[in-house]
Amino acid sequence: MGFADQRFNVNLSILFTELPLLERPAAAAAAGFTAVELWWPWIDTPTPERSELDALRRAVEDAGVRLTGLNFYAGELPGPDRGALSLPGEESERFRANIDVAADFAQSLGCTALNALYGNRVDGVDPAEQDALALENLVRAARAADRIGAVLLIEALNAPESPRYPLVSAPAAVAVVDRVNEATGLGNARFLMDLYHLSMNGEDLPAVIDRYAARTGHVQIADNPGRGAPGTGSLPLEDLLDRLAKAGYEGWVGLEYKPGDRTSAEAFDWLPADRRAAR
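A. Examining unusual backbone geometry more closely. Of the consecutive residues Leu 77 and Pro 78, the connecting peptide bond is found in the cis state with omega at 5°. Take Pro 78: it is sitting in the loop between β3 (66-71) and α3 (90-108). Residue Pro 225 is bonded to the preceding Asn 224 through a cis peptide linkage, with omega at 5°. Along the chain, Pro 225 falls in the loop between β7 (216-221) and α8 (237-246). Even without glycine at this site, Phe 16 takes up a positive phi of about 65°. Positionally, Phe 16 belongs in the loop between β1 (8-11) and α1 (24-30). Residue classification places Phe 16 among the buried positions, given a relative accessible area of 2%. Not every positive phi belongs to a glycine, and Arg 227 is a case in point at roughly 55°. Its place among the elements puts Arg 227 in the loop between β7 and α8.

B. Focus on the nonpolar core. Residues Phe 8, Met 193, Leu 255 and Phe 268 are the most contacted members of the largest nonpolar core, which totals 89 residues. Excluding its chain neighbours within four sequence positions, the residues that come into contact with Phe 8 are Phe 3, Phe 33, Ala 35, Ile 221, Leu 241, Trp 252, Val 253, Leu 255, Trp 270, Leu 271 and Arg 276.

C. Representation of the pattern of salt bridges within the structure. Taken as a whole and judged by the stated rule, the model has 14 salt bridges. For Arg 57, the salt bridge identified is with Glu 61, shortest N-O distance 3.2 Å. Placement of the pair is Arg 57 and Glu 61 together in helix α2 (residues 50-63), with a separation of 4 residues, close to one helical turn. Its relative accessible area of 21% is what places Arg 57 among the partly exposed residues. Residue classification places Glu 61 among the partly exposed residues on the basis of a relative accessible area of 40%. Between Asp 131 and Arg 121 there is a salt bridge whose closest N-O contact spans 3.0 Å. Of the two residues, Asp 131 is situated in helix α4 (residues 127-147) and Arg 121 in the loop between β4 (113-115) and α4; the sequence distance between them amounts to 10 residues. Here the salt bridges do not stand alone but share partners, grouping Arg 50, Asp 54, Arg 57 and Glu 61 into one network.

Each value, and the rule that gives it
Residues numbered from 1 in each chain as written. Predicted model: local features only at pLDDT ≥ 70, side-chain atom pairs only at ≥ 80, totals over all residues. Heavy atoms only, no water. Helix = DSSP H or I, 4+ residues; strand = E, 2+ residues; numbered from the N terminus. Buried < 20%, exposed > 50% of the residue type's maximum accessible area, 1.4 Å probe, protein only. Core = buried A, V, L, I, M, F, W, Y, C linked by side-chain atoms within 4.5 Å. Contact = heavy atoms within 4.5 Å. Salt bridge = Lys/Arg side-chain N within 4 Å of Asp/Glu carboxyl O.

Below, the structure is given as structure tokens:
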């Protein structure tokens, strides 16, 4: 087993960012990949013009790659924000305005995974109030995902880099998954297992895999320390992915790492070129 037996996609919001957005799908294809994922690309608006949506859709189609994952609107990311859906007021409304826009865009490209970042805690707001708002908005998002045959992903981030984000462990994120599934009855909420974030939290990664592989809808990787490519840190990513496969995970593995001081195209030397196309 090992890296060569995984289905990888490239996150175009952290890799190939030296290029304009519309050039990134073709760059990923030129590097040998056949699948990509994206954070919400328009950080300033949850409802971009139709022409902008169409241009990105054509760029993905023309590159011959598949969009396998898309974030809902999450505020300024990268930046100070970690999602919008639990923030009372304008940001929550922006998330709601984005739900059908994101779902329809995903459907137009056959994308079946939508990631909803929870959002930071807000000074002066009762956490219980934020959690109630989050559940309401996640239920809306789960229903929109179900409409297009997609799963809704709930992600744990890491406390050192996201100290105001409340979901900073696998159990915390999975608890939200369970609440959403209970509220909707749809069963389409899943855990997004980001091995970099979980390692930054000091979690026992083999134990997390054994406990939650069956509840996992997507996996993302980067090495630690540094959030670089596999082999630049100390995480046994090949072994961890093998363990996931043995636990029954058959989904995509998103490459969500920083290329460092190289161009993105040079940051894939850990994976032979003939093993990058999804099989």
